[in-house]
Amino acid sequence: MTEGIYHWGVDNYGDGNTPVFGRQIAAFQGHHQRPWTIVQREFCNNLQQVFKPASVPAAFFLAISPFMSPAFNAFTSTFLFLVCMSQQFHAWSHTKRSELPGIVLALQEAGILVSRKMHGAHHKAPFEGNYCIVSGMWNPVLDETRFFRKLEDFFYATTKVEPRCWYPPDAEWAEEGSA
Ligand SMILES: [Zn+2]
Ligand SMILES: [Zn+2]
């Protein structure tokens, strides 16, 4: 769910020049234009991009782990691992059924991992829902309760910044070669 909120943020606000998040924002927009490149990268090649920066907090959590409870340590390590794996879960949701291992397909069908169909909806206009790319469980909840619309309203009320999804999708959203 956290990654869904993060994804909503980088899809809707800022651009490649935004401080700190600029690279991520550009990466997500690039993904909308060329979604197929995510499955062309090798498993490790794909994962090292996220595991490398994650080694910083990982080292931190490891350093403090002797002073923390086992529950805290279990939570932080699992959480960090899932954040890193989200890149792979996302890639699987772009992979052809016939190329997926049976276990992955079963998890997708059970809604534990985001399914190809659900994530496919995120790549279609109006580009305003199905932001979660790890688990399929939160998308219906967040979309039906209009969670992101409320967050956008709140953001607009406080900052006067409008999210990108309030406008008809421009060329930046379209898949290359499709529009
Ligand atoms: Zn997106
Ligand atoms: Zn995608």
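Everything numeric in this text was worked out from a predicted model, so none of it was measured.

Rules used in this analysis
Residues numbered from 1 in each chain as written. Chains lettered and ligands numbered in written order. Predicted model: local features only at pLDDT ≥ 70, side-chain atom pairs only at ≥ 80, totals over all residues. Heavy atoms only, no water. Helix = DSSP H or I, 4+ residues; strand = E, 2+ residues; numbered from the N terminus. Rg over C-alpha atoms; globule rule 2.2 N^0.38 Å. Donors = N, O, S within 2.8 Å, 3.2 Å for Na, K, Ca; no water. Tetrahedral: all angles 85-135°; square planar, octahedral: opposite > 155°, others 65-115°. Buried < 20%, exposed > 50% of the residue type's maximum accessible area, 1.4 Å probe, protein only. UniProt positions renumbered as here; feature names shortened; annotations may be inferred.

Attention now goes to the overall build of the protein. Looking only at helices and strands, the protein has nine helices and zero strands in total. The helix and strand sequence of the protein, counted from the amino end, reads α-α-α-α-α-α-α-α-α. Relative to its length of 179 residues, the protein is compact, with a C-alpha radius of gyration of 17 Å against a globular reference of 16 Å. With the C-alpha coordinates aligned to their principal axes, the bounding extent of the protein is approximately 50 × 45 × 30 Å.

Around the zinc ion (ligand 1), the protein contributes the donor atoms His7 (NE2), Asp11 (OD), His32 (NE2) and His122 (NE2), at 2.1 Å from the metal centre. For the zinc ion (ligand 1), the four donor atoms in the first shell make angles of 93 to 163° at the metal, a pattern classed as irregular. When the donor residues of the zinc ion (ligand 1) are listed from N- to C-terminus, their spacing reads H-x3-D-x20-H-x89-H. With aspartate 11 in helix α1 (residues 2-12) and histidine 122 in helix α7 (residues 116-122), the pair connects residues that are 111 residues apart, well separated along the chain. For the pair aspartate 11 and histidine 122, one class covers both residues: buried.

Per the UniProt record, the feature "transmembrane region" (unreviewed entry) sits at residues 58-83. Here residues 58-83 is 81% helix and 0% strand, with 12 Å between the C-alpha atoms at its ends.

Moving on, we come to the environment of serine 77. Mapped onto the elements of the fold, serine 77 is located in helix α5 (residues 70-92). Taking the C-alpha atoms as reference points, serine 77 and phenylalanine 61, 16 residues apart in sequence, are found 7.8 Å from one another.

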